[in-house]
Amino acid sequence: MEHDLHDTLSLLTRTPGALNALLRELPEMWTSRNEGENTWSAFDVVGHLIHAERTDWMPRVRMVLQFGETQPFTPFDRWGMLRETQGKCLGELLDEFAGLRSENLGQLRALNLQRADLQRRGRHPALGVVTLSELMATWATHDLTHLHQISRVMAHQYREAVGRWSAYLGVLQCAGHSS
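Residues numbered from 1 in each chain as written. Predicted model: local features only at pLDDT ≥ 70, side-chain atom pairs only at ≥ 80, totals over all residues. Heavy atoms only, no water.

1. Quick word on the overall build of the protein chain
Step number 1: Helix and strand counts for the protein chain come out as nine helices and two strands.
Step number 2: Moving toward the C terminus, one meets the helices and strands of the protein chain in the order α-α-α-α-α-α-α-β-β-α-α.
Step number 3: The C-alpha radius of gyration of the protein chain comes to 17 Å, within 12% of the 16 Å expected for a compact globule of 179 residues.
Step number 4: The principal-axis extents of the C-alpha atoms in the protein chain amount to approximately 55 × 35 × 30 Å.
Step number 5: In the protein chain, buried positions account for 41% of the 179 residues.
Step number 6: In the protein chain, the share of contacts with a sequence separation of at least 24, taken over all contacts with a separation of at least 6, comes to 74%.
Step number 7: Here the protein chain has roughly 10,100 Å² of accessible surface; of this, 52% comes from carbon and sulfur atoms.
Step number 8: The averaged location of the 21 negative side-chain charges in the protein chain is 2 Å from the averaged location of its 18 positive side-chain charges. (Helix = DSSP H or I, 4+ residues; strand = E, 2+ residues; numbered from the N terminus. Rg over C-alpha atoms; globule rule 2.2 N^0.38 Å. Buried < 20%, exposed > 50% of the residue type's maximum accessible area, 1.4 Å probe, protein only. Contact = heavy atoms within 4.5 Å. Areas by Shrake-Rupley, 256 points an atom, 1.4 Å probe, with all protein chains shown as cover. Lys, Arg positive; Asp, Glu negative; His and termini not counted. Charge placed at Lys NZ, Arg CZ, Asp CG, Glu CD.)

2. What to know about a nonpolar patch on the surface
Step number 1: Side chains of Trp165, Tyr168, Leu169 and Val171 sit close together on the surface and give an oily, nonpolar patch of about 490 Å² of accessible area.
Step number 2: As for its placement among the helices and strands, Val171 is situated in helix 9 (residues 170-173). (Patch = residues over 30% accessible without salt bridge, like charges linked within 9 Å, V, L, I, M, F, W, Y side chains within 5 Å. Salt bridge = Lys/Arg side-chain N within 4 Å of Asp/Glu carboxyl O.)

3. Brief notes about the environment of Cys174
Step number 1: Within the secondary structure, Cys174 is located in the segment after helix 9.
Step number 2: For the pair Cys174 and Arg62, spaced 112 residues apart in sequence, the C-alpha separation works out to 36 Å.
Step number 3: Those residues in contact with Cys174, other than ones at most four positions away along the chain, are His148 and Arg152.

4. Remarks on the packing of aromatic side chains
Step number 1: Under the definition given, this model contains three aromatic pairs.
Step number 2: Taking the centre distance of 5.5 Å and the plane angle of 85° together, the rings of Trp40 and Trp79 count as edge-to-face. Residue Trp40 is located in the loop between helix 2 (28-31) and helix 3 (42-55), and its partner Trp79 is located in the loop between helix 4 (57-67) and helix 5 (81-85); the two are separated by 39 residues in the primary sequence.
Step number 3: Looking at Trp40, the relative accessible area reads 4%, which means it is buried.
Step number 4: Among the residues examined, Trp79 registers a relative accessible area of 36% and is labelled partly exposed.
Step number 5: Judged by centre distance (5.7 Å) and plane angle (5°), the rings of Trp57 and Trp139 are stacked. (Phe/Tyr/Trp six-rings, centres within 6.5 Å; stacked < 30°, edge-to-face > 60°.)

5. Some words on the environment of Gly87
Step number 1: Summarising the element assignment, Gly87 is placed in the loop between helix 5 and helix 6 (90-110).
Step number 2: The spatial distance from the C-alpha of Gly87 to the C-alpha of Gly163 is 37 Å, given a sequence separation of 76 residues.

6. Digging into the pairing of strand 2 (residues 128-131)
Every regular strand shows the same layout, with side chains that alternate between the two sheet faces.
Step number 1: Of the pairings in the sheet, the one linking strand 1 (residues 121-124) to strand 2 comprises four bridges and is antiparallel in character. By the bridge assignment, Gly122 is partnered in strand 2 with Val130.
Step number 2: Taken together, strand 1 and the strand that follows it, strand 2, pair antiparallel across an intervening segment of three residues. (Pairing = 2+ DSSP bridges.)

7. Quick notes on the pattern of salt bridges
Step number 1: One pass over the structure, following the stated rule, counts 12 salt bridges.
Step number 2: The shortest N-O distance in the salt bridge between Glu35 and Arg152 comes to 2.9 Å. With Glu35 in the loop between helix 2 and helix 3 and Arg152 in helix 8 (residues 132-156), this residue pair connects regions lying 117 residues apart in the sequence.
Step number 3: The partly exposed category is assigned to Glu35, whose relative accessible area is 25%.
Step number 4: By relative accessible area, Arg152 is classed as buried at 4%.

In structure tokens:
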């Protein structure tokens, strides 16, 4: 399937609502536990998404449009969410993410990107040359990756409680894809 900006925006617009519906006011048992050492809880994932909204997606869009391939993107700090979440509760994070996403999508729409713009190229610090279209498709897929991760982490909490049914529950067989 080819990337389509309208379809990407449709998905990106819905992520805050999906997270809100899934996580708001859940007991911390669901939102604060992870899968073990060096793994993330649902709370951590929302913090990560906030950090990406601030430092990754729109800054990189602007870099592609302003500098093309001449300046590499700033490397992304995968653990930057630790700063974003300090002293906050999950409800605050969900609200913050929704506000940042709305602001970023407003800025993106204001750019009025055309088909030719999506073929413009930037430079990723590890991957090399990438297109704006690839960046946009990655933004949407990144959201889906983390929605998947949250479901997996939450299901992990009942991995023993389900007993023998675990053989039928694919989410419990998934080793993870969020690294």
